[in-house]
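Below are the chains, spelled out letter by letter.
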Amino acid sequence: MEKFILILGQENNYLPGNLWAEYEVEVLEDKMICTNKKDTSLVITINYTEFKEAEFGIGNGNLWLQCKLENGNLSFCSPRKSWKSDAANKLIKSINNACTIKDMKAYNQYTGPFFFIHMFK
């Protein structure tokens with residue numbers, strides 16, 4: 001099963017770690033299971049129903065998804081290849097079912113054929 005690569009943008013209430021901590025995410029129908037890449041004993045489950053707000057943005061050459069969940073914030077980026085994966089499509093659809101993701105235009109620009117034009121706006 002293909003996994004989504006999630007890279008933290010800041011400390012948060014959901015996934016332990018600070019800026020650039022990396023997680024492999026198994027994207028299931030109702031939840032995401034996040035495993036810390038360095039410490040595989042750190043496995044955290046986040047239900048999509050916990051998502052209340054989400055918005056894409058491009059900064060520092062990365063595509064970020066900034067989210068407000070029931071118990072705090074979660075901000076992350078991912079390599080472009082991972083954003084374009086089937087796992088990412090499933091993740092975005094699942095989050096979008098819980099709350100409408102704002103600025104899908106940024107996602108489409110970043111994953112589109114001319115992404116380099118939009119990377120450093």
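Residues numbered from 1 in each chain as written. Predicted model: local features only at pLDDT ≥ 70, side-chain atom pairs only at ≥ 80, totals over all residues. Heavy atoms only, no water.

Caption draft 1: Quick peek at the pattern of salt bridges. Scanning all chains against the criterion turns up four salt bridges. Glutamate 22 is the partner of lysine 37 in a salt bridge, and the nearest nitrogen-oxygen pair spans 3.6 Å. Of the two residues, lysine 37 sits in the loop between β3 (31-36) and β4 (43-47) while glutamate 22 sits in strand β2 (residues 22-27), which places them 15 residues apart along the sequence. Owing to a relative accessible area of 45%, lysine 37 belongs among the partly exposed residues under this scheme. Residue classification places glutamate 22 among the partly exposed positions, given a relative accessible area of 27%. For glutamate 70, the salt bridge is made with lysine 52, and the minimal N-O distance between the two is 3.6 Å. Of this pair, glutamate 70 sits in the loop between β6 (62-69) and β7 (72-77) while lysine 52 is found in strand β5 (residues 51-59), placing the two residues 18 residues apart along the sequence. (Salt bridge = Lys/Arg side-chain N within 4 Å of Asp/Glu carboxyl O. Helix = DSSP H or I, 4+ residues; strand = E, 2+ residues; numbered from the N terminus. Buried < 20%, exposed > 50% of the residue type's maximum accessible area, 1.4 Å probe, protein only.)

Caption draft 2: Just the layout of surface pockets, in detail. Here the largest pocket is characterised by a volume of approximately 160 Å³. If you go around the largest pocket, the residues you meet are Gln10, Glu53, Ala54, Glu55, Gln66, Cys67, Lys68, Asn73, Leu74, Ser75 and Lys102. Residue assignment for the lining of the largest pocket shows that the elements contributing at least two residues are β5, β6 and β7. Grouping the constituent residues of the lining of the largest pocket by class yields three nonpolar, four polar and four charged. (1 Å grid on protein atoms, 1.4 Å probe; cavity = no way out; pocket = protein on both sides within 12 Å on 5 of 7 lines; lining within 4 Å. Points joined across faces, edges and corners; volume = space filled by probe spheres on them. Nonpolar A, V, L, I, M, F, W, Y, C, P; charged D, E, K, R; others polar.)

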